[in-house]
Amino acid sequence: MSWKLLDKPKTLKATKALAKQFVDMTPAPHDRPLSERRLMVYEKLLNADQFRPVTWASALCTETGDLYRVNGKHTSVMLSGLDKLPDFFVVVEEYECDTLEDVAKLYATFDSQMQSRTAKDIYNSFAATVP
């Protein structure tokens, strides 16, 4: 089966409780370590009003019975550490996976290089704005 989206994604206003829920969630197997540099970049973007809504995703694994965070670690950590949360929105996606391997496969779909824009894509976009 791999994975199944349980319901349509929900756009929610970020709250401390929601952020803490994702911070405390069991990470997907072999989740990348927390990067202080990434947190600093995200906070700088947030302070400059240049941070777009983000996607936080969880996966309920039938095999283990556990709920895993498959996306949203850095941004939930950042937001949960703020004294006052700005008006900020997150898209929450909830999945169900048969096996732990399916959880890993779903995790791999977030922020993958294959889905990311390359530097050349971005340069071409800016170049197109110059006559």
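Check the entry above for the structure.
The model shown is predicted, which means the values in this text are computed figures rather than measured ones. Starting afresh in each chain, residues are numbered from 1 along the sequence in its written order. Owing to the predicted nature of the model, reporting of local features is limited to residues with pLDDT of at least 70; listing and counting of side-chain atom pairs is limited to 80 or more, with chain, interface and lining totals taken over all residues. Hydrogens and water molecules were not included; the side-chain quantities draw on all heavy atoms of the structure.

Enquirer: What should I look at first to understand the pattern of salt bridges in this one?
Expert: If the charged atoms of two oppositely charged side chains come close together, the side chains can form a pair. Whenever Lys or Arg places a side-chain nitrogen within 4 Å of a carboxyl oxygen from Asp or Glu, that contact is recorded as a salt bridge. One pass over the structure, following the stated rule, counts 8 salt bridges. Residue Arg69 is joined to Asp31 by a salt bridge in which the shortest nitrogen-to-oxygen separation is 3.2 Å. On the criterion of sequence distance, the pair formed by Arg69 in strand E5 (residues 67–71) and Asp31 in the loop between strand E3 (26–27) and helix H2 (36–47) is long-range, its members being 38 residues apart. The same class applies to Arg69 and to Asp31, which are both buried. A salt bridge links Lys105 to Glu101, with the nearest nitrogen and oxygen atoms 3.7 Å apart. Taken together, the positions of Lys105 and Glu101, both in helix H4 (residues 100–107) and 4 residues apart, correspond to about one turn of that helix. Several salt bridges converge on common partners, so that one network encompasses Asp7, Lys10 and Glu94. Helix and strand labels come from DSSP, where a helix needs a run of H or I of at least four residues and a strand needs a run of E of at least two; each type is numbered from the N terminus. Only protein chains enter the accessibility calculation, which uses a 1.4 Å probe; a residue is then buried when its area is under 20% of its type maximum, exposed when over 50%, and partly exposed in between.

Enquirer: Looking at this model, I keep getting lost on the environment of Met78. Mind explaining?
Expert: On the secondary structure map, Met78 appears in helix H3 (residues 73–80). Separated by 42 residues in sequence, Met78 and Glu36 place their C-alpha atoms 9.8 Å apart.

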